[in-house]
Each structure stands twice: as C-alpha cells, then as structure tokens.
Amino acid sequence: GGGGFSFGKPVTVAGEISDFKKRGSRVIMTLDDGTGRLEITLFEETYQQHRSIVTNRALVVIEGMLRFDEFSDGWRIAARKIVDLDKAREQHARRIVLRWPQRCDLPASLSRLENVLTPWRPQGSCAISVEYTTSKVAGVNEFGPQWQVRATRELIEQLEGLVGSDGVRTLPGSSAGAGSGVSLA
C-alpha cells in the first residue's frame, strides 16, 4: 500500500517523464535525467494539482519523499510538488553570466545583445553579467537593475546564439549585488 510513503528523505530531482501510467488512484511514472531512471508515484490529489504538466516527455522538477521500496527492490519518490523545468529556471535563476567571445565586432555585438535582452526585461528579476578577457584586461561587467530579465528558455537559446552554448551560465541564488558596477568576483 501507499502508507510507507510517509517515511523517507525529502529530495528534489529533475528529468524527463517517461512511462506515464495511471493505476487506480495513483499515477506511476519514470523520471530520466540522462544518468539514471527513478520511479515516481503521484497520489490522486497531487496528480490533479499538476496534471497540466504531467505528460510523457515533459521536463520537470519534482519535490517529494525518497524511500527504498523493498517489494520492488528499488528507490522511488512519492511526489508532492511538480514544476515545469523552464518555469523553475525562470523562478529560481538570479543571474545569467555571459562569457563574451574574444574576437567579435564589439559595437555590433553589443547592439545585438541589447536587441536580445530588451523583450525579456519587463518583470525581470534575473541580473546579467558579462565576463570578458582580452590580451590586456579581464573582468566582469554587471548590468544595472534596469537590465534584469526573465530567464526563459527562449532567452537562453537566443543568448547561446550570440555567444555560443558554452558562453551562457544560469546561476540560482541571491540577486544581491546586481547592478553594482564592475566586479572581479
């Protein structure tokens, strides 16, 4: 029965939903993060709260209780909260760090950066930093609070198109210090 799910350790995991099945008042699915698979159980109330995002191939963040199930001889999570991965990034990202390419047409690149950032500025809470290195100087420029953006998947993809996929990092945590000028931290 489901009584054993009250015991366990609180965990947060992320991955892609697969093998989604409804069994009576429960939904059983597999979460795959590319390194392993884990069985996730949702009871009816949790499923009803999150049914719009619980679909095969959805990328999600799941909070729940992890426990070892002796019957199936494996680990499983009883989910309590499920958030779409893109929505989680947008809610928790506090800074996007861009590693600026060394060889670029700076005025044209800055103009393109402004064009990419502008649509994502309304209601933005994610600061922008640009790391740069030349033969003579290296540093970090932290954009002012008026340049805070919403860290959506679309914005990240556009920024990757500008500086390359290895030139964009999204950092969670405090936004303290945003807009404080140049920092070498």
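Our structure is the block above this text.
This part is about the pattern of salt bridges. Per the counting criterion, the structure on display carries 14 salt bridges. Between Arg57 and Glu16 there is a salt bridge, and its shortest N-O distance comes to 3.6 Å. Here the residue Arg57 occupies a position in the loop between helix 1 (44–50) and strand 4 (59–69), and Glu16 occupies one in strand 1 (residues 9–23), the gap between them amounting to 41 residues. By relative accessible area, Glu16 is classed as partly exposed at 25%. Residue Glu154 is joined to Arg153 by a salt bridge in which the shortest nitrogen-to-oxygen separation is 3.6 Å. Here the salt bridges do not stand alone but share partners, grouping Asp86, Arg89, Arg153, Glu154 and Glu157 into one network.

Glancing now at the layout of surface pockets. Empty pockets left among the atoms are what a rolling probe the size of a water molecule brings to light. Here the largest pocket defines a volume of roughly 240 Å³. Lining the largest pocket we find 13 residues, and of these Trp100, Leu106, Leu110, Val130 and Tyr132 sit closest to its centre. When contributions to the lining of the largest pocket are tallied by element, the ones reaching two or more residues are helix 3 (106–117) and strand 7 (127–133). Taken together, the residues of the lining of the largest pocket sort by class into 9 nonpolar, 4 polar and no charged.

Looking at where Gly64 falls in the secondary structure, it is placed in strand 4. Judged by its relative accessible area of 7%, Gly64 falls in the buried class. Residues Gly64 and Leu42, 22 residues apart in the sequence, show an inter-C-alpha distance of 9.5 Å.

Calculation notes
Residues numbered from 1 in each chain as written. Predicted model: local features only at pLDDT ≥ 70, side-chain atom pairs only at ≥ 80, totals over all residues. Heavy atoms only, no water. Salt bridge = Lys/Arg side-chain N within 4 Å of Asp/Glu carboxyl O. Helix = DSSP H or I, 4+ residues; strand = E, 2+ residues; numbered from the N terminus. Buried < 20%, exposed > 50% of the residue type's maximum accessible area, 1.4 Å probe, protein only. 1 Å grid on protein atoms, 1.4 Å probe; cavity = no way out; pocket = protein on both sides within 12 Å on 5 of 7 lines; lining within 4 Å. Points joined across faces, edges and corners; volume = space filled by probe spheres on them. Nonpolar A, V, L, I, M, F, W, Y, C, P; charged D, E, K, R; others polar.

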